[in-house]
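Each chain, letter by letter, is given below.
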Amino acid sequence: MNNGIALSSAAAHRPQLFLKTITFNDGTQLTLNPSSIVVFTGANNTGKSQVLKDIERHFDPGHLGEPVVIRAFEDEYLGSIEESTFLKEYFSENEEGLLLNTGGRIDRRMLREAWAGCRLFNGLYRLFVKRLSSEVRLTGADALRRDYLNGSAIYILYSHREIEKQISQYFREAFGEELIVNRRDVTTIPLHIGAGPDSDNYKISQEDTYYGQIANLPKLQDQGDGMRSFASILLDTFTSTHTITLIDEPEAFLHPPQERLLGKMLAKNNKKERQLFISTHSAEFLQGLLDVDSENVTVVRISREKNINKINCLDSGNIKTLWGKPLLRYSNILSGLFHEQVIVCESDYDCLFYQALINAIYESKNEFSPNILFTHCGGKTRVRDVVSALNAVGVSVRAICDFDLLNSSQIFKPLIKAFGVNWEKELSTYMKTIYDEVNGSQESTVGWSDLKKIGKSGFTGSAPAAYEQVETVCKAAGLFIVPVGEMECFDKTINKEKKDWVFHVLENYNLANDSRLKDARKFIQEVITTNSKVND
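Just so it is clear, the model here is predicted, and its values are computed rather than measured. (Residues numbered from 1 in each chain as written. Predicted model: local features only at pLDDT ≥ 70, side-chain atom pairs only at ≥ 80, totals over all residues. Heavy atoms only, no water.)

**Overview of the nonpolar core**
Ranked by size, the top nonpolar core spans 94 residues in total, and within it Phe171, Trp323, Phe412 and Leu479 carry the most contacts. Those residues in contact with Leu479 that sit more than four places away from it in its chain are Ala399, Cys401, Leu405, Phe412, Leu415, Ile416, Phe419 and Cys474. The next biggest cluster of nonpolar side chains, apart from the first, holds 39 residues, and it includes Val69, Phe73, Leu99 and Ile106. (Core = buried A, V, L, I, M, F, W, Y, C linked by side-chain atoms within 4.5 Å. Buried < 20%, exposed > 50% of the residue type's maximum accessible area, 1.4 Å probe, protein only. Contact = heavy atoms within 4.5 Å.)

**As for empty space enclosed by the protein**
Under the defined criterion, the tally for this structure stands at three cavities of 30 Å³ or more. In this structure, the largest cavity spans a volume of roughly 50 Å³. Lining the largest cavity, in full, are Leu289, Leu290, Asp293, Ser294, Val297, Ser316, Ile319 and Lys320. At the level of elements, helix H10 (283–291) and helix H11 (316–323) are the ones that each hand at least two residues to the lining of the largest cavity. Take the lining of the largest cavity: its biggest share by element is three residues, from H11. Among the residues forming the lining of the largest cavity, the class breakdown is four nonpolar, two polar and two charged. (1 Å grid on protein atoms, 1.4 Å probe; cavity = no way out; pocket = protein on both sides within 12 Å on 5 of 7 lines; lining within 4 Å. Points joined across faces, edges and corners; volume = space filled by probe spheres on them. Helix = DSSP H or I, 4+ residues; strand = E, 2+ residues; numbered from the N terminus. Nonpolar A, V, L, I, M, F, W, Y, C, P; charged D, E, K, R; others polar.)

**Observations concerning the packing of aromatic side chains**
Counting across every chain of the model gives 22 aromatic pairs. When the ring of Tyr155 is compared with that of Tyr158, the centres are 5.8 Å apart and the planes differ by 15 degrees; the resulting orientation is stacked. A residue pair is termed a helical-turn pair when its members lie 3 or 4 positions apart in one helix, as Tyr155 and Tyr158 do in helix H5 (residues 153–159) at three residues. By relative accessible area, which is 29% here, Tyr155 ends up partly exposed. Its relative accessible area of 25% is what places Tyr158 among the partly exposed residues. A ring pair is formed by Phe403 and Tyr467, whose centres lie 5.4 Å apart and whose planes are at 50 degrees; its orientation type is tilted. On the criterion of sequence distance, the pair formed by Phe403 in the loop between strand E20 (396–401) and helix H15 (409–418) and Tyr467 in helix H18 (residues 463–477) is long-range, its members being 64 residues apart. Accessibility classification places Phe403 together with Tyr467 in one group, the buried group. (Phe/Tyr/Trp six-rings, centres within 6.5 Å; stacked < 30°, edge-to-face > 60°.)

Quick look at the structure:
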């Protein structure tokens, strides 16, 4: 489905093509502006790359298939297709008055009517929509033949030293090398890398010496995939006239610091009227985009249920609110967007133990471990922030907290709310029973400090029945309270602090079969297999 809107003014502005809205197959609609940067995330095989294919094929009348992830588009055609500068760049005219381009002969009247009718033919969409696949990126910065300039990216670089300087600065930051245009090569315009001579120290009469030194530097096209791909995206960012750019896995071939720099560069330098649609598997790249704090960035996480792609959108306002905290911005929690499930623990040692336990269980059965990220947040007080942020983008999230969470209502209440539980309706009555029993009963000999070491088995009177209800509600929501008090209490024969307890267990126990870890295995398996009512 396509609802097009063609707009133009009497001044005949340059033609521009944008997407105004996208409606996905689950009914979610994404509203866009001409400067939108949309980044698609999610686990493998959820449809991230397919979205880019759907967008490109939408504009190609030669493609007869139906879109897979997207149900409908609304386009926006701006300006005049007959604007003089645009025609000179992409067309020539023969004696019969026909415009020629790589798509063959095109009648001017047909071109005008097609634009007015919000449709393109003969591959004309490629003048507005560009897909930077990994294959294209590996050759996009190759030396340009001088008989094939035609407004190419390298020719623009050749003609504008300021753009060359900007691109070289980013390239140097990523790889420690300058990127230099060789303007004196006879047959081509190649790009070189390395420490070039300072042009300010050379006079016109010394140009041969200057360019001789540049010619001796290594050529970019002879370098590794990472350098060539990074340079191609740089060139496109600073020189492209396309109004829609599609980039599939821009992080390919790059190391994490370069991925982050690339994300930052794209968000910071995207042209005012260019839409970027990006699919990525990289938390580092995504972090770079978010570092710029651009109001145009939207994060879309795609998950999949049978033939339906579930969409969760996070616009710039929600990004600032939910992901603006240092804990979330500078940890591995962003990686949760690319996993099927995230389990949040209080400390890194909790993560280490439970992750090792899960891996051992599945390895003992000759099965692959589930696609789960274990992450921590430095204590139970911050668990709520992580849960809220991940829920907002549709990540299936669980939390594991020590038993003393129950005695910290100022932490417990907002955390369980983040999981979608109404404290007053679902928990307050049962928790009052527990508080009264532990804090007020003269018969109770067990206090909260004891319960932290023994867990729910320490409850007496009416507290066990009340806690059973609390536990049921919490598990259904995704919050799992360690039943034995804290992780170290799964085996009390080891009288050590948490860190040393974990190291001792990992180094000396058969995690998959040791009877002393039976309850721990049962607990963590329940955590990952229980269906939560939030985002599952």
